[in-house]
Amino acid sequence: MAFGPLWDDKLSMDGYGVFMTSDSITRLTFRRPDDWHVHLRDGAVLTGVVPYTARQFGRAIVMPNLPDPISTVDAARAYRDRIVAAVPEGLNFTPLMTAYLTDGTDPDEVARGAAEGVFTAAKLYPAHATTGSAHGVTEVANIRSVLERMEVIGLPLLVHGEVTDTGVDIFDREAVFIEQVLAPLVRDLPGLKVVFEHITTAEAAAFVTGSGPNVAATITPQHLHINRNAMFAGGIRPHMYCLPVAKREKHRQALRKAATSGSPKFFLGTDSAPHAVGAKEAACGCAGIFNAPFALESYVTVFEEEGALDKFEGFASLHGSAFYGLPVNEATVTLEKNVILVPAQIDANGTPIVPFHAGEELGWRYLG
Ligand code: NCD
Ligand code: ZN
């Protein structure tokens, strides 16, 4: 993505660019982006949420944490078919599937899924760390042979990076995970590609920056917009609750710096995680923020505030595919400066869901 001359209201020479008027940027045209971390669920809700992701993104890494986790090649293939069936006509969207790792995962099954083009990555959920992680890994040592095989075949490991010890303060669980699990893992298996998913701390950003090229991270829109105070603004705010939980302001600032730095180690992963409004507004509300409907508008707002619109295409459309070794998307998309109002609620094929930024105005409109 390149800046055009100040007076240019046409595409820049390479076909992509930042449209500018004499006083400000009014349009951004860039390669179609990808979402490197999304939850699409299943059944009726799947049909309701897929169009939002497919509208904005060319591809998405689909998380496997269904109630019956996607841990085999056959299950992933069938789930992929259900997702593809939910993509509206005329949208060009490819779901990229992940294997849910358990203590009993067979390295041969993961390798076969990769060889057959079904698995793009495998996901490590520490058992009981988050929604749908009950079947996750209890000790990383239990999947050692799987990780060694992944290192050999070049299949990326996607990590939910939180310790599950309830004796560790919830706001410290990511930083402790780096010390206790991730740093030793990266040291022991230096050839393993690792994506530290939805990072939320300055420690995580520093760890990724200081690691070799095999270590990267996704960053969500919510962790760029909110700090932990948002969960308690005038009362308990369940729609601001996700895992890993938002941290102090200094961490949000560190994430904004990382995302807008231009470093190829940081890329877009929404962690869009829809839950029915009743499951969020409850005595024990579910973790997860549904940000898919206005994901690009949300992210670009941050890049604009940081004076880093020229770094947006890298973060959204180039760094992730480079890390995964996939080609960039051919098509382009455009965002224009224009006020939009995010609805208070969205009907996902019969399930009411409160989206991120509900009831707020955003200053960009996605044109497709
Ligand atoms: C995710 C979900 O609901 O599936 N929730 C969340 O808060 N992010 C799971 C996850 O990614 O941790
Ligand atoms: Zn997630």
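Residues numbered from 1 in each chain as written. Chains lettered and ligands numbered in written order. Predicted model: local features only at pLDDT ≥ 70, side-chain atom pairs only at ≥ 80, totals over all residues. Heavy atoms only, no water.

Visitor: In this structure, what is going on with the site of ligand 1? I would like to understand it.
Guide: As a structural note, the neighbourhood of ligand 1 is formed by 15 residues, with Arg-41, Asn-65, Thr-130, Leu-243 and Asp-271 the closest of them. Within the side chain of Thr-131, an N or O atom sits 3.3 Å from an oxygen atom of ligand 1. Contact distances for ligand 1 include 2.9 Å between an oxygen atom and a side-chain N or O atom of His-275. Within the complex, the protein chains bury 100% of what would otherwise be the 310 Å² of accessible surface of ligand 1. Each residue belonging to the shell around ligand 1 can be placed in one class, and the counts come to four nonpolar, nine polar and two charged. (Near = heavy atom within 4 Å. Polar contact = N/O pair within 3.5 Å; in protein donor to acceptor, adjacent residues only side chain to side chain. Areas by Shrake-Rupley, 256 points an atom, 1.4 Å probe, with all protein chains shown as cover. Nonpolar A, V, L, I, M, F, W, Y, C, P; charged D, E, K, R; others polar.)

Visitor: I keep staring at the sheet that holds strand 9 (residues 215–219) and nothing clicks. Help me out?
Guide: Sheet strands pair via backbone hydrogen bonds, and the direction of the pair is either parallel or antiparallel. Taken together, the eight strands give an open sheet; going across it, the order is 3-4-5-6-7-8-9-10, and neighbouring strands pair in parallel fashion. Each edge of the sheet is formed by a strand with only one pairing partner; in this case those strands are strand 3 (35–38) and strand 10 (266–268). Each neighbouring strand pair of the sheet contributes to a mean axis angle of 30 degrees, computed without reference to strand direction. Note that strand 9 and strand 10 share three bridges and pair parallel. By the bridge assignment for strand 10, Thr-218 is matched with Phe-267. Docked against the sheet, helix 6 (residues 202–210) engages strand 8 (194–196), strand 9 and strand 10, running at close to 145 degrees with respect to strand 9. (Pairing = 2+ DSSP bridges. Helix = DSSP H or I, 4+ residues; strand = E, 2+ residues; numbered from the N terminus. Axes fitted to C-alpha atoms, helices over the stretch in contact; angles between N-to-C directions. Contact = heavy atoms within 4.5 Å.)

Visitor: Explanation requested: the pattern of salt bridges in the structure shown.
Guide: Working definition: two side chains of opposite charge can pair if their charged atoms are close together. Evaluated as defined, the whole model comprises 14 salt bridges. Here Arg-112 ties to Glu-116 by a salt bridge, and the two come within 3.3 Å at their closest N and O atoms. Residue classification places Arg-112 among the partly exposed residues on the basis of a relative accessible area of 33%. Glu-305 is the salt-bridge partner of Arg-256, the closest N and O atoms lying 2.7 Å from each other. In this pair, Arg-256 sits in helix 8 (residues 249–259) while Glu-305 sits in helix 10 (residues 295–305), placing the two residues 49 residues apart along the sequence. Salt bridges here are not isolated pairs; linked through shared partners, they connect Arg-77, Glu-109, Arg-112 and Glu-116. (Salt bridge = Lys/Arg side-chain N within 4 Å of Asp/Glu carboxyl O. Buried < 20%, exposed > 50% of the residue type's maximum accessible area, 1.4 Å probe, protein only.)

Visitor: So what exactly am I meant to see when it comes to the coordination of the zinc ion (ligand 2) here?
Guide: Each pair of donors in an ideal octahedron of six around a metal sits at 90 or 180 degrees, and each pair in an ideal tetrahedron of four sits at 109.5 degrees. On the protein side, the zinc ion (ligand 2) has His-37 (NE2), His-39 (NE2) and Asp-271 (OD) as donor atoms, found 2.0 to 2.1 Å from it. Considering all four donor atoms around the zinc ion (ligand 2), angles at the metal cover 93 to 144 degrees and the coordination shape is irregular. Here the donor residues of the zinc ion (ligand 2) share one chain and are spaced in sequence as H-x1-H-x231-D. Placement of the pair is His-37 in strand 3 and Asp-271 in the loop between strand 10 and helix 9 (277–280), with a sequence separation of 234 residues. Taken as a pair, His-37 and Asp-271 share a single burial class, namely buried. (Donors = N, O, S within 2.8 Å, 3.2 Å for Na, K, Ca; no water. Tetrahedral: all angles 85-135°; square planar, octahedral: opposite > 155°, others 65-115°.)

Visitor: Where do I start with the confidence of the model for the protein in this structure?
Guide: In low-pLDDT regions, the fine details of the predicted coordinates are not to be read closely. The share of residues in the protein with pLDDT of 70 or more is 94%, and the mean pLDDT across the chain is 94. Counting contacts from residues 1–15, a segment whose pLDDT is below 50, to residues more than four positions away or on other chains yields 31 contacts. (pLDDT = per-residue confidence, 0-100.)

Visitor: Before we go on, may I ask you to explain helix 10 in this structure?
Guide: Since one α-helical turn is 3.6 residues long, residues separated by three or four positions face the same way. Judged by how many residues are buried, helix 10 sits mostly within the fold: nine of 11 residues are covered. Residues of helix 10 that are buried include every one of Ala-295, Leu-296, Glu-297, Ser-298, Tyr-299, Val-300, Thr-301, Val-302 and Phe-303, and no others.

Visitor: Whenever I open this one, the side chain of Glu-336 confuses me. Can you help?
Guide: Tracing the chain through its elements places Glu-336 in strand 11 (residues 332–341). It turns out Glu-336 is buried and unbridged, and the closest side chain with the opposite charge, Arg-27, is 4.1 Å from it. A distance of 2.9 Å separates polar atoms of two side chains, one belonging to Glu-336 and the other to Asn-338. (Lys, Arg positive; Asp, Glu negative; His and termini not counted.)

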